[in-house]
Amino acid sequence: LFDGVYPFYPQQRKAAVFDISTVIVIVVFLTLACSFLLIIPGIRGRARLYWTLRVLLSLFVGLVIVVVQFTGDWETGWVQANTSYKSFSPVQVNADIGLHIGLAGVNVTLRGNPVKQINETINYNEHFPWNFGANYDRSYSEGLEKGLPSPILYVAEKFSTQSPCAVHRQYRIAGHYASAMLWVAFCTWIISNILFSMPVLVYGGYMLLVTGAFMIFSLLSFSTVRNSPMCPIQIGTRTLHVAYGGSFWLMLAVGLLCFVAGITIVAMHHLNLDLLKAFFGLREDKAEEYQEMPEVLVNPHFMNKG
């Protein structure tokens, strides 16, 4: 022992608070939203409300499509149990063990109850990637070499390629195709905004429907992992169960929102085109284009000749 700690265990890592990629995406979209809010006072009348609703709703959809690519809560699970803390040690701690599954990997969280136990701070959040180009087994081996706490290594081992659970390949492929579907949805979202600005409203509505369809396809792709049974994750006397997390349900809600918005735009194009043009700020432009001249000058020479 070295000061009461096994020497092959390094200083405890602090739990991650924010994902850098998620923060960057949120800052970019917030910058766009703030830029629009600066020019919104220059829009007069009821069109100001319509512009605000359209732009903020569109930015929200784009933000969700990109952010969920980097979140780690497509599936989540928590359990509180008494468990061993380190290998080769009989000492047990009371802790919350969390499992957070994303498209690119899995996060395993260990938080003590209380955080300060056995003269240590028990607060870990370790990420193990499985996206294409990453090596999950190597990340797991590095965790073994660093001497991560036993509960984290136990949970992470369930998703390794050598595990008898055999869920690594399913999660990796499902996450890959779900991510690809979301990037296609992001492209169709951009096209729909271009069509709305041209303006070709009905085709913009069609592309909004395509955006919602690809978002739903991404959910169906990720949910295919449920076809393979998950090994039980036994922590002490408790079992860790996972369920769909916030990113999954948020994507489902936004996908249905795109469907509703697209169907509404297409229906209004066929049923009440004037109302649709008024919502997109086209009715006033048309009125100004066909506005009658306030004064008409007539040449008397041509009138007499006639």
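Residues numbered from 1 in each chain as written. Predicted model: local features only at pLDDT ≥ 70, side-chain atom pairs only at ≥ 80, totals over all residues. Heavy atoms only, no water.

1. Observations concerning the nonpolar core
Judged by nonpolar contacts, the single largest core of 67 residues is most densely connected at W74 and L99. Setting aside residues up to four positions removed in sequence, L99 forms contacts with E75, T76, G77, V106, N107, V108, V155, F159, I233, L240 and V242. (Core = buried A, V, L, I, M, F, W, Y, C linked by side-chain atoms within 4.5 Å. Buried < 20%, exposed > 50% of the residue type's maximum accessible area, 1.4 Å probe, protein only. Contact = heavy atoms within 4.5 Å.)

2. Here's the deal with the sheet that holds strand β2 (residues 92-101)
Judged by pairing direction, the sheet is antiparallel, and its five strands sit side by side in the order β4-β3-β2-β1-β7 without closing on themselves. Two strands close off the open sheet at either side, each with one partner strand: β4 (120-129) and β7 (243-244). (Pairing = 2+ DSSP bridges. Helix = DSSP H or I, 4+ residues; strand = E, 2+ residues; numbered from the N terminus.)

3. Examining helix α1 (residues 20-39)
Quick reminder: α-helices carry 3.6 residues per turn. Residues three or four places apart thus point the same way. Taking 1.5 Å per residue as the helical rise, α1 with its 20 residues ought to reach 28 Å, and the 29 Å between its terminal C-alpha atoms agrees with that figure. Of the positions making up α1, those classed as buried are T22, V25, F29, A33 and F36. Seen end-on, α1 carries its buried residues on one side only, within an arc spanning 75°. Counted as exposed and oriented over 90 degrees from the buried face of α1: I20, I24, L38 and I39. Tucked inside the fold, the buried residues of α1 contact α2 (47-67) and α5 (168-197). (Expected span 1.5 Å × (residues − 1). Arc of directions from axis to C-beta.)

4. Side note on the side chain of S218
Here S218 shows up in helix α6 (residues 201-223). Not counting residues up to four positions away in its chain, the partners in contact with S218 are A178, M181, L182 and M251.

5. Observations regarding the UniProt feature "transmembrane region" (unreviewed entry) in the protein
Using the residue numbers shown here, the UniProt feature "transmembrane region" (unreviewed entry) corresponds to residues 20-39, 51-71, 91-110, 177-196, 202-222 and 242-267. Between the end C-alpha atoms of residues 51-71 the distance is 30 Å, and the span holds 81% helix and 0% strand. Taken end to end, residues 242-267 is 85% helix and 8% strand, and its first and last C-alpha atoms sit 40 Å apart. (UniProt positions renumbered as here; feature names shortened; annotations may be inferred.)

6. Concerning the packing of aromatic side chains
Both the distance between ring centres and the angle between the ring planes are used here to describe each pair of aromatic rings. Considering all chains together, one arrives at 16 aromatic pairs under this definition. Considering the side-chain rings of F29 and W189, the 6.4 Å spacing of their centres and the 45° angle between planes classify their relative orientation as tilted. Taken together, the residues F29 in helix α1 and W189 in helix α5 connect sequence positions 160 residues apart. Note on F29: relative accessible area 10%, which makes it buried. Overall, the relative accessible area of 10% leaves W189 in the buried class. Relative to F217, the ring of F214 lies with its centre 5.9 Å away and its plane at 85°, an arrangement referred to as edge-to-face. Remark: F217 and F214 occur in helix α6; sequence separation between them is three residues, near one turn of the helix. (Phe/Tyr/Trp six-rings, centres within 6.5 Å; stacked < 30°, edge-to-face > 60°.)

7. Observations regarding the layout of surface pockets
If you roll a probe as big as a water molecule over the atoms, it shows you where there is empty space left. Reported here for the largest pocket is a volume of approximately 780 Å³. Contributing to the lining of the largest pocket are 27 residues, with R54, S58, N193, F196 and F280 lying nearest its centre. When residues of the lining of the largest pocket are assigned to their parent elements, the largest contribution, eight residues, is made by α2. (1 Å grid on protein atoms, 1.4 Å probe; cavity = no way out; pocket = protein on both sides within 12 Å on 5 of 7 lines; lining within 4 Å. Points joined across faces, edges and corners; volume = space filled by probe spheres on them.)

8. Examining the pairing of strand β3 (residues 105-117)
Bridge count between β2 and β3: seven bridges; the pairing is antiparallel. Opposite I101, over in β3, you have V106 as the bridge partner. Bridge count for β3 against β4 is nine bridges, and the pairing is antiparallel. If you follow V106 over to β4, its bridge partner there is F128. Here β3 folds back onto β4, and the loop between the two strands holds two residues, one of which, I118, carries a positive phi near 45°.

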